[in-house]
Amino acid sequence: MGLPPPAPLLLGLLLLQGVLRPLWGDLVFIPAFIRMTGPAASASLVGRTEDVTVTLALLQDQEGLLPVPACGVLTNETGEWSLTVTPSVVRSENALDVTVRLKTGLQRCFSNETDSFSESPCIVQTLLVSASRNSSCLAHLLIRVEIYANSSLAHNASENVTVIPSQVYQPLGPCPCNLTANACDVRCCCDQECSSDLTELFREACFTGVFGGDVNPQFDQLCSVQEPYRTPGWFPFLCVQSSLANSPFLGYFYDGSVSSRQHIAFEVHLHTDYRDFSDFGYKQGDPVMTLDKAYLTIPQVSLAGQCMQDAPVAFLQNFDVLCATNLEVYQEQDDIINVKIKNGAVGGIVQPKVIYEEAADPDKFITSTEILFRNESTSRNVNVEEHYIFRWNNNTISEINVKIIRAEINAHQKGIMTQRFTVKFLSYNSDNEEEFSGNPGYQLGKPVRALNTNKMNNVTTLYLWQSAGRGLCTSATFKPILFGENALSGCLLEVGIHENCTRLRENAVELLDSLIQATHVAMRGNSDYNDPSDGWLEIIRVDAPDTVDPSVGANGSCMDIPTQLHIRILISDAGAVEGITQQEILGVQTRFSSVNWQFHCGLTCEDKADLLPVSASVQFIKIPAQVPRPLSRFQINFTEYDCNRNEVCWPQLLYPLTRYYQGEPYSQCVAKGLLLVSFFILAAFLSNPWTRTCRA
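Residues numbered from 1 in each chain as written. Predicted model: local features only at pLDDT ≥ 70, side-chain atom pairs only at ≥ 80, totals over all residues. Heavy atoms only, no water.

Trainee: Quick question: what am I supposed to make of the overall build of the protein chain here?
Mentor: For the protein chain, the count of helices and strands is seven helices and 29 strands. Relative to all contacts within the protein chain whose residues are 6 or more apart in sequence, the contacts with residues 24 or more apart total 62%. About 44,900 Å² of surface is accessible on the protein chain, with carbon and sulfur atoms providing 54% of the total. (Helix = DSSP H or I, 4+ residues; strand = E, 2+ residues; numbered from the N terminus. Contact = heavy atoms within 4.5 Å. Areas by Shrake-Rupley, 256 points an atom, 1.4 Å probe, with all protein chains shown as cover.)

Trainee: Looking at this structure, how should I read a nonpolar patch on the surface?
Mentor: Together, Trp234, Phe237, Leu238, Val648, Trp650, Leu653, Leu654 and Leu657 make up a nonpolar patch on the protein surface, roughly 850 Å² of accessible area in all. The residue Leu657 is located in the loop between helix H5 (633-637) and helix H6 (666-685) in this model. (Patch = residues over 30% accessible without salt bridge, like charges linked within 9 Å, V, L, I, M, F, W, Y side chains within 5 Å. Salt bridge = Lys/Arg side-chain N within 4 Å of Asp/Glu carboxyl O.)

Trainee: Sorry if this is basic, but what is going on with the state of the cysteines here?
Mentor: A disulfide bridge is the covalent bond that connects two cysteines by way of their sulfur atoms. The final tally for this structure, using the stated rule, is seven disulfides. Here Cys184 engages in a disulfide with Cys194; their sulfurs sit 1.9 Å apart. Every disulfide takes its handedness from the sign of the S-S torsion; for Cys184 and Cys194 that torsion is 100°, giving right-handed. Taken together, the positions of Cys184 in the loop between strand E8 (136-148) and helix H2 (196-201) and Cys194 in the loop between E8 and H2 put the pair 10 residues apart, joining distant regions of the chain. Here Cys307 connects covalently by a disulfide to Cys323, the sulfurs 2.0 Å from one another. Its S-S torsion of approximately 85° makes the covalent link between Cys307 and Cys323 right-handed. (Disulfide = S-S within 2.5 Å.)

Trainee: Help me understand the pairing of strand E18 (residues 413-427) in this model?
Mentor: Side-chain direction in a regular strand flips from residue to residue, so the side chains alternate between the two faces of the sheet. The pairing of strand E11 (residues 319-326) with E18 spans eight bridges and is antiparallel. Directly across from Phe319, in E18, lies its bridge partner Val423. Strand direction decides the pairing type here: strand E16 (residues 379-393) and E18, joined by eight bridges, are parallel. Paired with Glu386 across the bridge in E18 is Phe421. (Pairing = 2+ DSSP bridges.)

Trainee: Hey, could you run me through the sheet that holds strand E20 (residues 459-461) in this one?
Mentor: Two modes of strand pairing occur in sheets, parallel and antiparallel, and in both the strands are linked by backbone hydrogen bonds. Taken in spatial order, the four strands make up an open sheet running E20-E19-E24-E25, and their pairing is antiparallel. In the strand order of this sheet, the two ends are held by E20 and strand E25 (536-538), each with one partner. The sheet shows a mean angle of 40° between the axes of neighbouring strands, taken without regard to direction. As defined by bridge partners, strand E24 (residues 520-522) adjoins E25 across three bridges and the pair is classed as antiparallel. Pairing of His520 across the sheet is with Glu538, part of E25. (Axes fitted to C-alpha atoms, helices over the stretch in contact; angles between N-to-C directions.)

Trainee: Teacher, can you tell me more about the pattern of salt bridges here?
Mentor: Opposite charge on two side chains permits them to pair, given that their charged atoms come into close proximity. Evaluation of the coordinates by the stated rule reveals seven salt bridges. Taking the shortest distance from any N to any O, the salt bridge between Arg524 and Asp534 comes out at 2.4 Å. Of this pair, Arg524 sits in the loop between E24 and E25 while Asp534 sits in the loop between E24 and E25; the two residues are 10 residues apart in sequence, bridging distant segments of the chain. The class for Arg524 is partly exposed, based on a relative accessible area of 24%. Here Asp573 ties to Lys622 by a salt bridge, and the two come within 3.1 Å at their closest N and O atoms. Separated by 49 residues along the polypeptide, Asp573 in strand E27 (residues 557-577) and Lys622 in strand E29 (residues 610-622) bring together distant segments of the chain. One connected set of salt bridges, linked through shared partners, spans Arg35, Arg144 and Glu146. (Buried < 20%, exposed > 50% of the residue type's maximum accessible area, 1.4 Å probe, protein only.)

Trainee: Where do I start with the packing of aromatic side chains in this structure?
Mentor: In this description, a pair of aromatic rings is defined by centroid distance and the angle of the planes. Evaluated as defined, the whole model comprises nine aromatic pairs. Through a chain of ring-to-ring contacts, three or more aromatic side chains come together here, namely Tyr282, Phe315, Phe390 and Phe425. Positioned above the aromatic ring of Phe207, the side-chain terminus of Arg187 is 4.4 Å from the ring centre. (Phe/Tyr/Trp six-rings, centres within 6.5 Å; stacked < 30°, edge-to-face > 60°. Lys NZ or Arg CZ within 6 Å of the ring centre and 35° of its normal.)

Trainee: Would you explain the environment of Thr290 in this entry?
Mentor: Take Thr290: it is sitting in the loop between helix H3 (235-238) and strand E9 (300-301). Separated by 53 residues in sequence, Thr290 and Asn343 place their C-alpha atoms 8.8 Å apart. In contact with Thr290, not counting residues within four places along its chain, are Tyr295, Leu296, Val339, Lys340, Ile341 and Lys342.

Trainee: For this particular structure, what's the right way to read the sheet that holds E29?
Mentor: Read from one edge to the other, the open sheet built from five strands follows the order E23-E29-E27-E28-E26, with strand pairing classed as mixed. At either end of the open sheet lies a strand with only one pairing partner, and these are strand E23 (487-495) and strand E26 (540-542). Ignoring which end each strand starts from, the neighbouring axes of this sheet average 15° apart. Packing of helix H4 (residues 501-513) onto the sheet brings it into contact with E23, E26, E27, strand E28 (580-598) and E29, and relative to E27 it is tilted by some 20°.

Trainee: Is there a simple way to think about unusual backbone geometry in this case?
Mentor: Where the residue is not glycine, phi is negative for most of them; where a peptide bond is considered, it is trans in most cases. Residue Pro31 follows Ile30 across a cis peptide bond; omega there is -5°. Among the structural elements, Pro31 can be located in the loop between strand E1 (28-30) and strand E2 (33-36). Even without being glycine, Asn394 reaches a positive phi, approximately 60°. Looking at the secondary structure, you find Asn394 in the loop between E16 and strand E17 (396-410). Residue class for Asn394 comes out exposed when judged on its relative accessible area of 61%. Positive phi, close to 55°, is recorded for Asp560, a residue that is not glycine.

Trainee: I'm lost on H4 in this one. Help?
Mentor: Along an α-helix, a turn takes 3.6 residues, which lines up residues three or four apart on a common side. Its 13 residues give H4 an end-to-end C-alpha distance of 18 Å, which sits within 8% of 18 Å, the value for a rise of 1.5 Å per residue. Those residues of H4 that sit buried are Cys501, Leu504, Arg505, Ala508, Leu511 and Leu512. Along H4, the residues classed as buried sweep out an arc of 130° about the axis, all on the same side. Of the surrounding secondary structure, the elements contacted by the buried residues of H4 are strand E21 (463-466), E23, E27, E28 and E29. Of the residues that open H4, the one with a side-chain oxygen 2.9 Å from the backbone nitrogen of Thr502 is Asn500. (Expected span 1.5 Å × (residues − 1). Arc of directions from axis to C-beta. Polar contact = N/O pair within 3.5 Å; in protein donor to acceptor, adjacent residues only side chain to side chain.)

Trainee: Help me understand the nonpolar core in this model?
Mentor: In globular proteins that are soluble, nonpolar side chains generally tend to be buried together. Within the largest apolar cluster, 46 residues are counted, with the highest numbers of intra-cluster contacts made by Leu462, Trp465 and Ile585. With six residues, the top contributor of residues to this core is E27. Discounting residues that sit within four places of it in the chain, Leu462 has contacts with Val448, Ala450, Lys479, Pro480, Ile481, Leu515, Ile516, Ala518, Val521 and Ile539. (Core = buried A, V, L, I, M, F, W, Y, C linked by side-chain atoms within 4.5 Å.)

Trainee: For this particular structure, what's the right way to read the environment of Gln300?
Mentor: Relative to the elements of secondary structure, Gln300 occurs in strand E9. Look at Gln300 and you get buried, because its relative accessible area is 16%. Along the sequence, Gln300 and Val321 sit 21 residues apart, while their C-alpha atoms lie 6.3 Å from each other. Each residue touching Gln300, except ones within four places of it in the same chain, is listed here: Gln306, Cys307, Met308, Ala311, Pro312, Val313, Phe319, Val321 and Cys323. Among the polar contacts listed, one links the side chain of Gln300 to the backbone oxygen of Pro312, at a separation of 2.9 Å.

Trainee: What exactly am I supposed to notice about the confidence of the model for the protein chain here?
Mentor: Detail in the predicted coordinates should be disregarded across regions flagged by low pLDDT. Scored by pLDDT, the protein chain comes out at a mean of 76, with 74% of its residues at no less than 70. Here residues 1-20 is a poorly scored stretch, pLDDT under 50, and it has two contacts once near neighbours within four places are set aside; other chains count. Ignoring residues within four places in sequence, the model shows residues 253-272, a span with pLDDT below 50, making nine contacts including any to other chains. (pLDDT = per-residue confidence, 0-100.)

Trainee: Would you take a moment to explain the side chain of His387 for this structure?
Mentor: Position of His387 relative to the elements: it lies in strand E16. Judged by its relative accessible area of 16%, His387 is buried. Within the local environment of His387, its side chain forms a polar contact with the side chain of Thr422, the two groups lying 2.7 Å apart. His387 has contacts with Asn401, Val402, Lys403, Ile405, Arg420 and Thr422, leaving out every residue within four places of it along the chain.

Given below as structure tokens:
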């Protein structure tokens, strides 16, 4: 086994000596050499730092060779450099932090603004930091300074204002990898601030894709990007001849303005760009306009459950909402009696007729009441309910009736007030507030019309539960079943441990039957209540099974308790009116489902009420009006022509002339299509080739 070579052994001993010197108590700089490219550099002086003096000296190097550190060149004539020595934060007893900083800054490096990036450094110097005790040199720190002009290290990108070009004509950020202004970004080959020599250094490692500057990618419709093995045969006839500057990606931007907000409170802002088309008549969903060209607003509830105070009223859209308002921030709305509303005709207006009533029980609308008693006893009026009835005729509003229910409260009263706002649109020739659910077919979201022939007041509907509080059936309210919306609701029935099973079944059946207090349902949305033969269908009821068992169950249990009511409604498409599909009801069936009930005991079975869940569900089942047309052999084999699987739909090439288009009656579409074809034929006959043929 031979000995190691002397050179590596000597280097290893020197390195070991440098590592062990702090352990022996000698002073050492960590690191001992720094290549400085910025305005400041730091190092640590470790060892016995008592009575140690740290000095800075500027060395004069010649022919690019660093001089050998020596204690004889110690001087404080460093000019533009400063030296800072502070105790170390980690080990303050035997370590010092040494920082060398450029005092004059880097202003002289930016004198030539046209030269964005210079290949030669702006400052080239050699600094020597020495640590001595009693004029005895103990440790050295050698710093090589090489600072380049316009270096990205000396710039703060946030201080530069970038001019954003118009995104309509050119892409935003043609070179996304250009992150630093007035400096060359490495690997960013599209950076115009990089010279050709610098770009050659990283030419093989440039950023690719959009980040690397490919902001105008070639789109598939270009003729120049066709791939013979992937493009269909008709591609050369329908491809696009265009330059890359005319990219389809232009224009995908939001042209807006950015402004600072003064507060962070949550608010719902509606756009103020009021578009008034009411002079030409209202359409369903259009906002109702006032004479001042503003929206008629009534508080409504958003999808998030918050109450929006300035929500516009939409034509022919009813709503019934509850809004909770803090009395401390409650503000009275403008009086509706002074608002002039445009009726939908040119120059026509309608004035609301307002009726005021006093609330019989104001405490029903206000909770958590607290009154601050003061010397003066003042009161104020608040609106607890507002009911709006709009009479409409075709696309105009003929009359507006408003009923406002007020309550008088103390001016300093605190609490939460629940307000109710209702809007209902009725036809001008309806004598009462009877509301259709469609004309003639049902509209989605409208109540299912029902009739009870066993009562004098036979107008009714089908209901579901709307639980409140603890969810008990005794406190639950009803909500109507809406056409086309499947729903599930329920409540809790209190049952004792010694409950009579027969009476429990009767109570459950009676509770479920209270939702269906009707014998017939309307086939259409405008069936006449006074004419039972005008499309009224009898409800098919499947009664609960009869069960004979002891009146009191053993150990608090009962068998076959009807707790679920299933309502199935069959619907179908019954044609179209002006291109709008009309839907009607074909039949309604109700069926009960039973469960076995068992009283749930805790540690001990106490004589207290247990909770039995009772539920009701409604399901709309759509039956096709005709058997779907079977797929042809062509459609089965050639799936590339299937409109549901491909972007290109050849069967809908002449879409306005096909049965797929339902915006207008088919006869009008055919007439307009033939008229368009005649124009093309006439233009072909009057064209230049045909004229020459006739002259010949």
